[in-house]
Amino acid sequence: MPFDKLKNFIAPVDDEDEEEEEENMEEDVEKTQPISSYEKKKINVSNVPSNAAMVLFEPRSFEEAEEIARQLKGRKAVVVNLHKLQRDYAQRTIDFLTGVVFALDGTIQKVGHNVILCAPRNVAIDGEIKVDADDE
């Protein structure tokens, strides 16, 4: 509340303006409801944009995870083969990419032994690959 007093002192706002602003915000919220990965409907594969791209990575150090994150931020799906990384660096890379994907409201899936698929929100992933625990 003290912040509101300071704000009103610096830039006073009429009550009417404030009410209009609140009404406009409520209308905006009604028009554009947030869609989480849990709420959004599955996208038909035929509706995937033609400019959707996929990038393949085979990192040899953890530092390459930053470039993978850049590609995800650029709205590209990424397949990462972690075979060339030591186990602890591979786990660190997975943890980092999980955070990146979460921040972008995307998805991350294991598609093979030491191979993961990371996709931003705009790329639909349909289907599932089951990896047997016996193979690992």
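The structure presented is a predicted model; accordingly, all values stated were derived computationally and were not measured.

Caption draft 1: Local environment of the sheet that holds strand 4 (residues 115-119). Read across the sheet, four strands follow the order 1-2-4-3 without closing on themselves; strand pairing throughout is mixed. Of all strands in the sheet, those with a lone pairing partner are strand 1 (54-57) and strand 3 (107-112), marking the two edges. Averaged over neighbouring strand pairs, the angle between their axes works out to 20 degrees when direction is ignored. Here strand 1 pairs with strand 2 (residues 77-81) via four bridges, running parallel. Within strand 2, the position partnered with V55 by the bridge is V78.

Caption draft 2: Representation of the packing of aromatic side chains. Under the counting rule described, the total for this entry stands at one aromatic pair. Ring geometry for F62 and F96: centres 6.0 Å apart, planes at 75 degrees, overall edge-to-face. Within this pair, whereas F62 is found in the loop between strand 1 and helix 3 (65-73), its partner F96 is found in helix 4 (residues 87-103), the two being separated by 34 residues in sequence. You can call F62 buried: its relative accessible area is 18%. One cation-aromatic arrangement involves R92 over F62; the distance from NZ or CZ to the ring centre is 4.0 Å.

Caption draft 3: Looking closely at the layout of surface pockets. For the second largest pocket, the calculated volume is near 270 Å³. R87, A90, Q91, I94 and N114 are the residues nearest the centre of the second largest pocket, which is lined by 12 residues in total. Secondary structure elements with two or more residues in the lining of the second largest pocket: helix 4 and strand 4. Considering each element in turn, the lining of the second largest pocket owes the most residues, four residues, to helix 4. Of the residues belonging to the lining of the second largest pocket, the class tally is six nonpolar, three polar and three charged.

What counts as what
Residues numbered from 1 in each chain as written. Predicted model: local features only at pLDDT ≥ 70, side-chain atom pairs only at ≥ 80, totals over all residues. Heavy atoms only, no water. Pairing = 2+ DSSP bridges. Helix = DSSP H or I, 4+ residues; strand = E, 2+ residues; numbered from the N terminus. Axes fitted to C-alpha atoms, helices over the stretch in contact; angles between N-to-C directions. Phe/Tyr/Trp six-rings, centres within 6.5 Å; stacked < 30°, edge-to-face > 60°. Buried < 20%, exposed > 50% of the residue type's maximum accessible area, 1.4 Å probe, protein only. Lys NZ or Arg CZ within 6 Å of the ring centre and 35° of its normal. 1 Å grid on protein atoms, 1.4 Å probe; cavity = no way out; pocket = protein on both sides within 12 Å on 5 of 7 lines; lining within 4 Å. Points joined across faces, edges and corners; volume = space filled by probe spheres on them. Nonpolar A, V, L, I, M, F, W, Y, C, P; charged D, E, K, R; others polar.

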